[in-house]
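Structural features, examined
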Amino acid sequence: MKAIAFMRPLPIEDQDSLVELDLPRSGPGPRDLLINVRAVSVNPVDTKIRGARHQGSASHAPGKPRVLGWDAAGVVVSKGSDVTGFSIGDEVCYAGELERQGSNAEYQAVDERLVGHKPKSIGFAEAARCR
């Protein structure tokens, strides 16, 4: 899947501050929804993670791609065996988790407890900004 990530903190003006990558698409865990991301918004956490790299977390090792993005909206394409309240095809909005890859990708696995149904009266871009 296509994703936008960073490898190490660089000034945003640097051409390598964010890079496009092809990453494997993970399947959902038991409580996860696999979401086809349709819209993302920038959260202050994105800036802090990119700048500080959350030292001490194994998932944030230097040189390993880190996909940012914590506020997003999309469509459920798969779900884990223990998921309740969501169906494939549901339009959703959500905030991700710091210890997992973010939403600046084509797909993201997210714990269902962090997800809500997108209101039908708004589009994906507006839903990604809802907090």
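Each remark here, short or long, concerns the structure printed above.
Conventions and cut-offs
Residues numbered from 1 in each chain as written. Predicted model: local features only at pLDDT ≥ 70, side-chain atom pairs only at ≥ 80, totals over all residues. Heavy atoms only, no water. Phe/Tyr/Trp six-rings, centres within 6.5 Å; stacked < 30°, edge-to-face > 60°. Lys NZ or Arg CZ within 6 Å of the ring centre and 35° of its normal. Pairing = 2+ DSSP bridges. Helix = DSSP H or I, 4+ residues; strand = E, 2+ residues; numbered from the N terminus. Core = buried A, V, L, I, M, F, W, Y, C linked by side-chain atoms within 4.5 Å. Buried < 20%, exposed > 50% of the residue type's maximum accessible area, 1.4 Å probe, protein only. Contact = heavy atoms within 4.5 Å. Axes fitted to C-alpha atoms, helices over the stretch in contact; angles between N-to-C directions.

**Thoughts on the packing of aromatic side chains**
Tallying each qualifying case throughout the model produces zero aromatic pairs. Above the face of the Tyr107 ring, Arg25 is positioned so that its terminal group lies 4.3 Å from the ring centre. The cationic tip of Lys118 hangs over the ring face of Phe124; the distance from NZ or CZ to the ring centre is 5.1 Å.

**Comments concerning the sheet that holds strand 4 (residues 66-67)**
Taken together, the three strands give an open sheet; going across it, the order is 2-1-4, and neighbouring strands pair in antiparallel fashion. Single-partner strands in this sheet number two, and they are strand 2 (19-22) and strand 4. Where strand 1 (residues 2-6) meets strand 4, two bridges bridge the pair, whose relative direction is antiparallel. Each bridged residue has a counterpart across the sheet, and for Ala5 the counterpart in strand 4 is Val67.

**Description of the nonpolar core**
Soluble, globular proteins show a tendency: their nonpolar side chains are buried together. One finds Leu33, Ile35, Val37, Ala72, Val76, Val83, Phe86, Val92, Tyr94, Val110 and Val115 forming the largest nonpolar core, which totals eleven residues. Of all elements in the fold, only strand 3 (32-41), strand 5 (71-79) and strand 6 (91-95) reach the threshold of two or more residues within this core. Of all the elements, strand 3 adds the most residues to this core, at three residues. With near-sequence residues (within four places) excluded, Phe86 lies in contact with Leu33, Lys79, Val92, Glu112, Val115, Gly116 and His117. Ala39, Ala73, Val75 and Ala127 belong to the second-largest nonpolar core, a separate cluster that totals eight residues.

**Remarks on the sheet that holds strand 6**
Read across the sheet, five strands follow the order 7-3-5-6-8 without closing on themselves; strand pairing throughout is antiparallel. Strands at the two margins of the open sheet, each flanked by one partner only, are strand 7 (107-111) and strand 8 (115-117). Recorded for the sheet is a direction-independent mean angle of 45° between the axes of neighbouring strands. As paired strands, strand 3 and strand 5 are joined by eight bridges and run antiparallel to one another. What sits directly across from Ile35, in strand 5, is Val76.

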